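Next come the chains, spelled out residue by residue.
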Amino acid sequence: RNDREVVLKDVKKNGWALEYTSAELRNDREVVVKDVKYICQTLGFASAELRNDREVVLKALQQGWQSLEYASDERRNDWEVVGETVKQDWENSKEDMQLIVFCYASDS
(Lines give C-alpha, C1' and ligand atoms only; values in the text may rest on other atoms or scores of the structure.)
Protein backbone atom coordinates (compact mmCIF):
# COMPACT_ATOMS: atom_id res chain seq x y z
CA ARG A 1 0.00 0.00 0.00
CA ASN A 2 2.86 2.37 0.63
CA ASP A 3 5.60 0.83 -1.53
CA ARG A 4 5.90 3.21 -4.45
CA GLU A 5 7.67 0.79 -6.81
CA VAL A 6 5.14 -1.98 -6.15
CA VAL A 7 2.23 0.41 -6.75
CA LEU A 8 3.75 1.69 -10.00
CA LYS A 9 4.03 -1.90 -11.24
CA ASP A 10 0.51 -2.76 -10.04
CA VAL A 11 -0.98 0.08 -12.06
CA LYS A 12 -0.15 -1.85 -15.24
CA LYS A 13 -1.95 -4.95 -13.95
CA ASN A 14 -4.77 -3.26 -12.06
CA GLY A 15 -5.88 0.18 -13.15
CA TRP A 16 -7.64 0.62 -9.81
CA ALA A 17 -4.37 0.40 -7.84
CA LEU A 18 -4.71 3.97 -6.59
CA GLU A 19 -7.83 2.99 -4.65
CA TYR A 20 -5.74 0.73 -2.42
CA THR A 21 -2.69 2.92 -1.86
CA SER A 22 -1.70 5.08 1.06
CA ALA A 23 -2.57 8.77 1.34
CA GLU A 24 1.06 9.55 0.67
CA LEU A 25 1.00 7.80 -2.70
CA ARG A 26 -2.38 9.32 -3.58
CA ASN A 27 -0.50 12.61 -3.45
CA ASP A 28 2.37 11.35 -5.62
CA ARG A 29 2.06 12.97 -9.05
CA GLU A 30 3.80 10.15 -10.96
CA VAL A 31 1.67 7.44 -9.36
CA VAL A 32 -1.58 9.33 -9.95
CA VAL A 33 -0.80 10.29 -13.55
CA LYS A 34 0.19 6.72 -14.38
CA ASP A 35 -3.03 5.37 -12.86
CA VAL A 36 -5.43 7.86 -14.48
CA LYS A 37 -3.90 7.04 -17.87
CA TYR A 38 -5.42 3.56 -17.52
CA ILE A 39 -8.72 4.35 -15.78
CA CYS A 40 -9.71 8.00 -15.70
CA GLN A 41 -12.16 7.60 -12.82
CA THR A 42 -9.32 6.79 -10.44
CA LEU A 43 -8.78 10.53 -10.27
CA GLY A 44 -11.36 10.33 -7.49
CA PHE A 45 -8.81 8.52 -5.30
CA ALA A 46 -6.12 11.15 -5.80
CA SER A 47 -5.40 13.75 -3.14
CA ALA A 48 -7.40 17.00 -3.20
CA GLU A 49 -4.22 18.78 -4.25
CA LEU A 50 -3.79 16.61 -7.35
CA ARG A 51 -7.51 16.73 -8.21
CA ASN A 52 -6.94 20.48 -8.44
CA ASP A 53 -3.79 20.15 -10.56
CA ARG A 54 -4.59 21.18 -14.15
CA GLU A 55 -1.96 18.87 -15.69
CA VAL A 56 -3.16 15.82 -13.74
CA VAL A 57 -6.82 16.52 -14.57
CA LEU A 58 -6.00 17.00 -18.26
CA LYS A 59 -4.13 13.65 -18.28
CA ALA A 60 -7.19 11.95 -16.81
CA LEU A 61 -9.45 13.65 -19.36
CA GLN A 62 -7.32 12.26 -22.17
CA GLN A 63 -8.54 8.85 -21.04
CA GLY A 64 -12.19 9.86 -20.64
CA TRP A 65 -14.49 12.76 -19.85
CA GLN A 66 -15.90 10.94 -16.82
CA SER A 67 -12.91 12.02 -14.77
CA LEU A 68 -14.27 15.58 -14.72
CA GLU A 69 -16.64 14.43 -11.97
CA TYR A 70 -13.65 13.93 -9.66
CA ALA A 71 -11.80 17.15 -10.48
CA SER A 72 -11.88 20.04 -8.03
CA ASP A 73 -14.49 22.76 -8.42
CA GLU A 74 -11.75 25.08 -9.63
CA ARG A 75 -10.80 22.69 -12.43
CA ARG A 76 -14.45 22.07 -13.36
CA ASN A 77 -14.76 25.82 -13.89
CA ASP A 78 -11.51 25.99 -15.87
CA TRP A 79 -12.48 26.47 -19.52
CA GLU A 80 -9.35 24.74 -20.77
CA VAL A 81 -10.44 21.65 -18.81
CA VAL A 82 -14.06 21.94 -19.95
CA GLY A 83 -12.85 22.33 -23.54
CA GLU A 84 -10.78 19.16 -23.26
CA THR A 85 -13.83 17.35 -21.92
CA VAL A 86 -15.88 18.35 -24.94
CA LYS A 87 -13.03 17.49 -27.31
CA GLN A 88 -12.54 14.04 -25.77
CA ASP A 89 -16.09 12.88 -26.19
CA TRP A 90 -17.27 14.76 -29.25
CA GLU A 91 -19.18 11.68 -30.37
CA ASN A 92 -21.78 12.34 -27.67
CA SER A 93 -24.84 14.12 -28.92
CA LYS A 94 -24.98 17.89 -28.66
CA GLU A 95 -27.53 17.60 -25.84
CA ASP A 96 -25.29 15.26 -23.84
CA MET A 97 -22.35 17.61 -24.17
CA GLN A 98 -24.45 20.58 -23.07
CA LEU A 99 -25.54 18.58 -20.03
CA ILE A 100 -21.95 17.64 -19.20
CA VAL A 101 -20.79 21.24 -19.40
CA PHE A 102 -23.81 22.52 -17.45
CA CYS A 103 -23.55 19.92 -14.66
CA TYR A 104 -19.82 20.09 -14.11
CA ALA A 105 -18.98 23.68 -14.94
CA SER A 106 -21.80 25.11 -12.83
CA ASP A 107 -21.46 22.68 -9.92
CA SER A 108 -19.59 25.10 -7.67
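Criteria and cut-off values
- Residues numbered from 1 in each chain as written.
- Predicted model: local features only at pLDDT ≥ 70, side-chain atom pairs only at ≥ 80, totals over all residues.
- Heavy atoms only, no water.
- Helix = DSSP H or I, 4+ residues; strand = E, 2+ residues; numbered from the N terminus.
- Phe/Tyr/Trp six-rings, centres within 6.5 Å; stacked < 30°, edge-to-face > 60°.
- pLDDT = per-residue confidence, 0-100.

Student: Help me understand the environment of Leu 68, please; the structure alone is not making it clear to me.
Tutor: Within the secondary structure layout, Leu 68 lies in the loop between helix 5 (54–63) and helix 6 (73–76). Residues Leu 68 and Val 57, eleven residues apart in the sequence, show an inter-C-alpha distance of 7.5 Å.

Student: Could you clarify how one ought to interpret the packing of aromatic side chains in this entry?
Tutor: The geometry of two aromatic rings is summed up by the distance between their centres and the angle between their planes. Scanning the entire structure with this criterion turns up one aromatic pair. Measuring from ring centre to ring centre gives 6.2 Å for Trp 16 and Phe 45, while their planes differ by 80°; the resulting arrangement is edge-to-face. Residue Trp 16 is found in the loop between helix 1 (4–13) and helix 2 (23–26), and its partner Phe 45 is found in the loop between helix 3 (29–36) and helix 4 (48–51); the two are separated by 29 residues along the sequence.

Student: What exactly am I supposed to notice about the confidence of the model for the protein here?
Tutor: Taken over all residues, the pLDDT of the protein has a mean of 84, while the share at 70 or more is 81%. Across the protein, the element-wise mean pLDDT spans from 62 in helix 8 (residues 94–105) up to 98 in helix 4.

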